[in-house]
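For reference, the chains in residue letters:
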Amino acid sequence: MSSASQPIPPPNDRRGSRSSRSSSNAGFPEPMNSSDIAASESSGFVVGGPPGSPSPLALRASTSPHRRKSRGARIPPDFHLLDYVNTPDSNLICLICHCPFDRPVRLACEHYFCRICLDHAWDAQPEGCKTCPTCRHKVDADEEPLPVPKILERMLDELLVRCPNSKLGCPWVEQRSNLENHVMLYCEYALVECPASDCRLPVSQKDCHKGCLHYSVSCDNCHTSLLRKDLEDHQRATCQFRFAPCPHCSAELLRLDLNAHINDVCPKATVQCPGSIVGCKYSAERETVAEHETACPMATMAPFFRDQQARIERNEARFEPLVRKVGILEDGLSNITNMLYPANANDSSFPVTNPLDSNNPDAFPPAPLMPTPDFRLPPASFPPAPHNNDQSHSQPPFDSQIHHLLTLHDSLRDELSRVASALSELEGRTSMMIMNENQRVKEEMLHTNAAINGMRVQLHWLMSATLHQRTSASASSSATRAGGSASASGSGRSSASGTPTTGGATMRGPAVGMPPLRRLSDSIRQDTKL
Amino acid sequence: MSTGAKKRILREYAECQNDPLPGVKINFDEQNMTKWEILMDGPDQSVYAGGHYKLEINFPNEYPFKPPVVSFKTKIYHPNVSNDDKGSMCLGLLRPEEWKPPNKVISVLHLIRNLLIEPNPDDAIELSIANDYKTNRAEFDKTAKDWVKRYAK
Ligand SMILES: [Zn+2]
Ligand SMILES: [Zn+2]
Ligand SMILES: [Zn+2]
Ligand SMILES: [Zn+2]
Ligand SMILES: [Zn+2]
Ligand SMILES: [Zn+2]
Ligand SMILES: [Zn+2]
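Residue numbers restart at each chain and count upward from 1, following the sequence in its written direction. For naming, the first written chain is A and the first written ligand is 1, with later ones following in the order written. With pLDDT at 70 or above as the cut-off, local features in this predicted model cover only qualifying residues; side-chain atom pairs require 80 or more to be listed or tallied, and sums for whole chains, interfaces and linings still use all residues. Excluding hydrogens and water, the side-chain values take into account all heavy atoms of the structure.

## Considering the overall build of chain B
Helix and strand labels come from DSSP, where a helix needs a run of H or I of at least four residues and a strand needs a run of E of at least two; each type is numbered from the N terminus. Helix and strand counts for chain B come out as four helices and five strands. When the helices and strands of chain B are placed in sequence order, the string is α-β-β-β-β-β-α-α-α. The buried share of chain B, taken over its 153 residues, is 47%. By sequence separation, contacts in chain B at least 24 residues apart represent 53% of the contacts at least 6 residues apart. Throughout this description, buried means an accessible area under 20% of the type-specific maximum (1.4 Å probe, protein chains only), exposed means over 50%, and partly exposed covers the range between. Contact definition: two residues touch when any of their heavy atoms are within 4.5 Å.

Okay, structure coming up:
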């Protein structure tokens, strides 16, 4: 059943296209010259072209992949297959198709043909030697075909035709010039593709909104099985049990119409007096009620009451959205207020929450003690409302809400500039402070550097002293090595284990110990440079 | 065949019915409207008087841009009708180069009828019959009447 929700083109869509089309068809078409024809031959017709464009042909040839797409599968009518109400004048008949001309053209020999028919006839003839199908007069391809007199086109436009879907039930009969419009846009009997996505069968436009009707049902009365879309036609025209007598008046009528008959027409059905909505209790057969109606005052009043009722309902329906709108606006306003004055968010008596309600005696209390008086509005913008009830409605606390909001805006702007200046002042102070601090730190660093340098000098001195000591010690040990190598190695080992703290430097000897020293001095030099 | 052409054939049939030629009957089948069956009586003033001729008119797909094809189903001794099982007739407006789209079937029927009344030996398809017709009219009439009795009763 989801197919039932297939969108039906909005009605104003159709209306729009009708008005535009009719305006383009209004008035007499201008004479068509041969260049028009040439243009139409080469480039195809333009949709909604100039008012003078020959309507049936332009519309037909513009056939519009675009329109066909948007309209489902509507096919433009073939003018050669039309059913004319009256036998057309023989002068309007094309000698090739034997139908009234469709987009007629003229040859220099004064023979007239449908554009299509002439093209078909010329298809068979070799290029460059086209002749008139009637008199074989040679045609000048540059000049011909010529346009036809306007009166001929108008006579053709005025021919009465039936809708091509008349066999499906369309009762439309109108001038031929309106046919394209009717078939492409309005005909309710035009076949379009079934709205169901999985169904490709054709269905009348008028049944399109009912969803797919291509399933079998059985007639309730004769139990014949048939497609749902044919059910109504069957019950109207072919079902053998389609007639039933009315239970009240025993008139024979179609079963389909029985309910409508009883509800609206049947003279014997029991109905209430139309005054019942005002309270008349009378109820009888329809005929009798009709007599009663002329005398019943309540029946006379009933239409007015019904009108009134309808009006009240309309107004109530209109009232509902208004209430909702006011609620939304009030919410929005209080949101704005809370945003503007967060400090007052919980202060329900703040004037902005309901500036119009000055009846409330608490609306403007004496200003409470606020820790941040700067964020309050200047007191002048809130003149105390008169507590006088008579004046309250004519004189709200502000000229208008806009005025109030403007005041708020101004004070906010002041506030903003104040904050901005405070901010810049603060920034200056802070940068000053940072500079001072920087200076101090720099000085301190210089001090530290000097101290380190002193220490380095001392260290150097100590190192060289130690080295000196070691060289003298090694000189004495080499003297003892001459005595016994075994004892020397033993003492060396013992000295190595005995002095673990200085061992690293002493074991490697001066050659290995020098680079760290030099590196140390390098770094010192760098430090002092800084 | 296009629906437009079918429509035209339908209209032409209606026209023939509205304005019937004497002694001509058309059997028209809506399911196969490109083939007309014609029953034509030999015109009283001709040698074919008393004969009943069955003809066929076939409409080509290109109709009305190509001529319809006429053939006699009943044998006839006539200089303009081929003396074979086709019985074809091809002259005047029935020639492809002579045919014009505005021509109508009813004029074809007129042409056939007129040819029965007065054969056209100068545009003959059966030269010997034409020769007979021109030089030995009595012999021609006799054979023709003989054929009417033999084939067209
Ligand atoms: Zn035509
Ligand atoms: Zn001509
Ligand atoms: Zn219609
Ligand atoms: Zn369907
Ligand atoms: Zn039924
Ligand atoms: Zn009734
Ligand atoms: Zn009453």
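## Some remarks on the coordination of the zinc ion (ligand 2)
Residues and elements named next belong to chain A. Listed donor atoms are N, O and S within 2.8 Å of the metal (Na, K and Ca: 3.2 Å). As water is not included, a site may look incomplete. Protein ligation of the zinc ion (ligand 2) involves Cys109 (SG), His111 (ND1), Cys132 (SG) and Cys135 (SG), the donor distances falling in the range 1.9 to 2.3 Å. Each label reflects the angles at the metal, where four donors whose angles all fall between 85 and 135 degrees are tetrahedral, four or six donors whose opposite pairs open beyond 155 degrees and whose other angles stay between 65 and 115 are square planar or octahedral respectively, and the rest are irregular. Note that the zinc ion (ligand 2) binds four donor atoms; their angles at the metal cover 107 to 117°, and the shape is tetrahedral. Mapping the donors of the zinc ion (ligand 2) onto the primary sequence yields the spacing C-x1-H-x20-C-x2-C.

## Focus: the sheet that holds strand β1 (residues 83-84) of chain A
All names here are of chain A. The criterion for strand pairing is that DSSP finds at least two bridges linking the strands in question. Spatially, the three strands line up as an open sheet ordered β1-β4-β5, and their pairing is antiparallel. A single partner strand is all that each edge strand has here, and the edge strands are β1 and β5 (173-175). For strand β4 (residues 160-162) and β5, the ladder comprises three bridges, and the chain directions are antiparallel. Note that in β5 the partner of Leu160 across the bridge is Gln175.

## Looking at the nonpolar core
Residue and element names in this part refer to chain B. Remark: nonpolar core denotes a set of buried residues (Ala, Val, Leu, Ile, Met, Phe, Trp, Tyr, Cys) joined through side-chain atoms within 4.5 Å. Of all hydrophobic cores here, the largest spans 41 residues; its most connected members are Ile26, Trp36, Tyr48, Phe72, Met89 and Leu109. For this core, the elements supplying multiple residues, two or more each, are α1 (3-18), β1 (24-27), β2 (35-41), β3 (52-58), β4 (69-72), α2 (105-117), α3 (127-135) and α4 (137-151). Top element by residues in this core is α2. It accounts for seven residues.

## So, the interface of chain A and chain B
With 16 residues of chain A at the contact, the number on the chain B side is 16 residues. Counting the surface lost from both chain A and chain B, the interface buries some 1,300 Å², and carbon and sulfur atoms represent 61% of this. Note on definitions: salt bridges are taken to be side-chain nitrogens of Lys or Arg within 4 Å of carboxyl oxygens of Asp or Glu. Linking chain A with chain B are zero salt bridges, by the criterion used here. Here the side of chain A that touches chain B gets three residues from one element, more than from any other, and that element is helix α5 (residues 115-123) of chain A. Residues were grouped as follows: Ala, Val, Leu, Ile, Met, Phe, Trp, Tyr, Cys and Pro as nonpolar; Asp, Glu, Lys and Arg as charged; and all remaining residues, including Gly, as polar. Residues belonging to the side of chain A that touches chain B are distributed by class as follows: 10 nonpolar, four polar and two charged. Summed over both partners, the accessible area (1.4 Å probe) lost when two parts come together is defined as the buried area.

## A word on the pairing of β4 of chain B
Residue and element names in this part refer to chain B. Relative to β4, β3 runs antiparallel, the two sharing four bridges. Across the sheet, residue Glu56 finds its bridge partner in β4, namely Ser71. Sheet topology places β4 next to strand β5 (residues 88-89); two bridges connect them, and they run antiparallel. Looking across to β5, one finds that Val70 is bridged to Met89.

## Some thoughts on the confidence of the model for chain B
Averaged over all residues, the pLDDT of chain B is 88; the fraction at 70 or higher stands at 100%. Scoring of the predicted complex yields 0.46 for pTM and 0.75 for ipTM. Per-residue confidence from the predictor is reported as pLDDT, a score between 0 and 100.

## Some thoughts on the pairing of β1 of chain B
Two faces make up the sheet, and in a regular strand the side chains alternate between them. Residues and elements named next belong to chain B. Residues of β1 alternate between two faces, with Val24 and Ile26 buried on one and Lys25 and Asn27 left unburied on the opposite face. Relative to β2, β1 is paired through four bridges, and the arrangement is antiparallel. The partner of Val24 across the bridge, within β2, is Met40.

## Concerning the sheet that holds β2 of chain B
All names here are of chain B. Read across the sheet, five strands follow the order β1-β2-β3-β4-β5 without closing on themselves; strand pairing throughout is antiparallel. Looking at strand neighbours, the two that pair on one side only are β1 and β5, the edges of this open sheet. Of the strands in this sheet, β1, β2, β3, β4 and β5 are in contact with α2, which crosses β2 at around 35°. Angles shown run from 0 to 180 degrees and are taken between the N-to-C directions of axes, each axis being a line fitted to C-alpha atoms and, for helices, limited to the stretch in contact.

## Some thoughts on α4 of chain B
Residues and elements named next belong to chain B. Over its 15 residues, α4 runs 21 Å from end to end, which matches the ideal 21 Å to within 8%, given 1.5 Å per residue. Among the residues of α4, those classed as buried are Phe140, Asp141, Thr143, Ala144, Trp147 and Val148. Around the axis of α4, the buried residues are gathered within 170° of arc, so they sit on the same side. Away from its buried face by more than 90 degrees, α4 exposes Ala138, Lys142, Lys149 and Arg150. Under the convention used throughout, the expected extent of a helix is 1.5 Å for every residue step, that is, one less than its residue count. In this description, one arc is meant: the one made by directions from the helix axis to the C-beta atoms.

## A few points about the pattern of salt bridges
Residues and elements named next belong to chain A. Using the criterion set out here, one finds 22 salt bridges over all chains in the structure. The closest approach of N and O atoms between Arg115 and Asp119, which form a salt bridge, is 3.0 Å. Taken together, the positions of Arg115 and Asp119, both in helix α5 and four residues apart, correspond to about one turn of that helix. Classification of Asp119 as partly exposed rests on a relative accessible area of 29%. For Glu232, the salt bridge identified is with Arg236, shortest N-O distance 3.9 Å.

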